[in-house]
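Fold and contact review
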Amino acid sequence: PTHTNLYLKYNSSTNNATKDSVIRSLTRRAYNLCSPQHLDAELTTVYNICLSNGFPPQRTTTIMDQVKTKMERRTTNLSHRQFKKLLNNNRSLKVSLPYHPTIGKPLKSLLNNHDIDVTYSSSPNLRSLLASTKTSPPPSTTHNVIYENPC
């Protein structure tokens, strides 16, 4: 219970773009984090927080409406898969596979159809397997030793 809903006061000597960003960021955060059944209540809370920090009601409403329009536009431009991912709170499975030139793309397509994100990793090459820049001292000389400073 330490949150005070105290943000930038509107009468502070800060430029208007910074003041507007307070409204914009709180509104965007509500759209990005709230589930649909709680969104209206959270937007009302954001509006009341802005008013309690001295923001003019008309300016607050205008900026919140702009964010709403932008968020709705963004949502409607999503592909079906992206929209499903948004609804599932971006909790899709992710997998990293070694790249193979003949089966890589078909396998990625198949897994993407099941909402599994695929990234490719490079396979180890001969240099990375053989080259070692660190040399380890023989185990017989380092028994129970964390470090040693020769005098």
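Structure shown above.
A short tour of the structure in this document, coming up.

The rules behind these values
- Residues numbered from 1 in each chain as written.
- Predicted model: local features only at pLDDT ≥ 70, side-chain atom pairs only at ≥ 80, totals over all residues.
- Heavy atoms only, no water.
- Helix = DSSP H or I, 4+ residues; strand = E, 2+ residues; numbered from the N terminus.
- Buried < 20%, exposed > 50% of the residue type's maximum accessible area, 1.4 Å probe, protein only.
- Contact = heavy atoms within 4.5 Å.
- Areas by Shrake-Rupley, 256 points an atom, 1.4 Å probe, with all protein chains shown as cover.
- Expected span 1.5 Å × (residues − 1).
- Arc of directions from axis to C-beta.
- Core = buried A, V, L, I, M, F, W, Y, C linked by side-chain atoms within 4.5 Å.
- Phe/Tyr/Trp six-rings, centres within 6.5 Å; stacked < 30°, edge-to-face > 60°.
- Lys NZ or Arg CZ within 6 Å of the ring centre and 35° of its normal.

Digging into the overall build of the protein chain
- Check the secondary structure of the protein chain and you find six helices and two strands.
- When its helices and strands are written in sequence order, the protein chain yields α-α-α-α-β-α-β-α.
- The buried share of the protein chain, taken over its 151 residues, is 18%.
- Counting only contacts in the protein chain whose residues sit at least 6 apart along the sequence, the fraction spanning at least 24 positions is 46%.
- As presented, the protein chain carries roughly 12100 Å² of accessible surface, and 56% of it is formed by carbon and sulfur atoms.

Focus on helix α2 (residues 36–52)
- Helix length check: α2 (17 residues) gives 25 Å between terminal C-alpha atoms against 24 Å at 1.5 Å per residue, within 8%.
- Taken as a whole, α2 has its buried residues at Leu39, Leu43, Val46, Ile49 and Cys50. Projected down its long axis, α2 carries its buried residues within an arc of 125°, all on one side. Counted as exposed and oriented over 90 degrees from the buried face of α2: Gln37 and Asp40.
- Two residues or fewer past α2, Gly54 is found with a positive phi of approximately 90°.

Looking at unusual backbone geometry
- The phi torsion at Asn5 lies on the positive side, around 60°, for a residue other than glycine.
- As for its placement among the helices and strands, Asn5 is situated in the segment before α1 (16–33).
- Here Asn5 falls in the partly exposed class, since its relative accessible area comes to 31%.

Here's the deal with the nonpolar core
- Core analysis: the biggest nonpolar cluster contains 15 residues, and Ile23, Tyr31 and Leu43 have the highest contact counts within it.
- Sorting the residues of this core by element identifies α1, α2 and α3 (57–76) as the ones contributing at least two each.
- Residues in contact with Leu43, not counting those within four places in the same chain, are Thr27, Ala30, Tyr31 and Met64.

Structural notes on the packing of aromatic side chains
- Going through the model one piece at a time under the given rule, you end up with one aromatic pair.
- Note that Lys19 overlies the ring of Tyr10, its terminal NZ or CZ placed 4.7 Å from the centroid.

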